[in-house]
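# Descriptive structure summary
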Amino acid sequence: MSNIRAVRKRQQLNNLVAMVTEIARPGYTVVDFCSGTGHLGIVLAHTLPDCQVILIENKEESLVRAQRRGAELGLKNIGFIQANLDYFTGPFEIGVALHACGVATDMVMEHCIKARAAFVISPCCYGFIQNAIKFSFPKSKRFQETLTSKEHMILCRFADQTAVQLHPERRLVGKQCMGLVDLDRSWAAEAHGYSLQVMTMEPDSCSPKNNMLLGKPPHKSGQEVDAGQQEAALHN
């Protein structure tokens, strides 16, 4: 990794870690989906020693490297699972993903919503977003009333036009299209009671794909909180 790329990667990590640190509480389980070699999950485990961090990755080589890095740092609050993210069924409070490609962002969001977990996600590869067995686009009712599936696909293609070598005006259009794609995702999550923020990483030069989605689940009822506290007490 070049020095310039390393600086940008640190900036990306700083943004996501800052968001997770704000919402994490002692005892939380944080799941790093599509974790790769563990850039994000390892930093989170170091930063949040009172939380359990689980890395989910389907590539054995990447996960082995992440395990080796975690062992070298002596991290005791980190776990590793080789699997597609759909196969993870354990409870967790926060889901994270750095540059989840195409519909992987939507898969992570869906997994977090089903678990009623918060999420911090940096989407990527908007041009790869397309209808699949599990997903159809647009996702939100308001976008469905405005755009056809084909028009949404065109929007996603333009959202991928943010490379640094492109003309500034073209990159600006790409950034605006990224915002619209993520707005559709946000409105779809809000239909499940979530509160959403779409933010830009700082500095925005840290990545051409510099959007960040922060989703917070609906507040639990008092009965649910009591049940959760009782379960936590049984494990302590």
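Residues numbered from 1 in each chain as written. Predicted model: local features only at pLDDT ≥ 70, side-chain atom pairs only at ≥ 80, totals over all residues. Heavy atoms only, no water.

Selection rule: UniProt positions are given in the numbering used here, feature names are shortened, and annotations may be inferred rather than shown by experiment.
Taking an unreviewed UniProt entry as the reference, the chain is identified by name as Glutathione S-transferase C-terminal domain-containing protein belonging to Pogonophryne albipinna. Under the heading Sequence similarities (unreviewed entry), UniProt records this for the chain: "Belongs to the GSTCD family." Reading the Subcellular location (unreviewed entry) entry of the UniProt record for the chain gives the comment "Cytoplasm".

### Quick word on the overall build of the chain
Defined as follows: In DSSP terms, a helix is any run of H or I states spanning at least four residues, a strand is any run of E spanning at least two, and both are numbered starting from the N terminus. Here the globule rule reads 2.2 Å times residues to the power 0.38, and the radius of gyration is calculated from C-alpha atoms. Exposed residues in this analysis have more than 50% of their type's maximum accessible area, buried residues have under 20%, and partly exposed residues fall in between, with area computed by a 1.4 Å probe over protein chains only.
What the chain contains, in helices and strands, is eight helices and seven strands. What you see for the chain is a C-alpha radius of gyration of 18 Å, in line with the 18 Å of a compact globule of 236 residues. In terms of principal-axis extent, the alpha carbons of the chain reach across some 55 × 45 × 30 Å. Within the chain, the fraction of its 236 residues that count as buried is 44%.

### A few points about the state of the cysteines
Quick reminder of the rule: When two cysteine sulfur atoms are found within 2.5 Å, that pair is recorded as a disulfide.
Scanning the model with the defined rule gives zero disulfides in all. Among the cysteines around Cys177, which has no disulfide bond, Cys156 carries the closest sulfur, lying 9.1 Å off. In this structure Cys177 comes out as buried when scored by relative accessible area, which is 10%. Cys206 takes part in no disulfide bond, and the closest cysteine sulfur, belonging to Cys124, lies 12 Å away.

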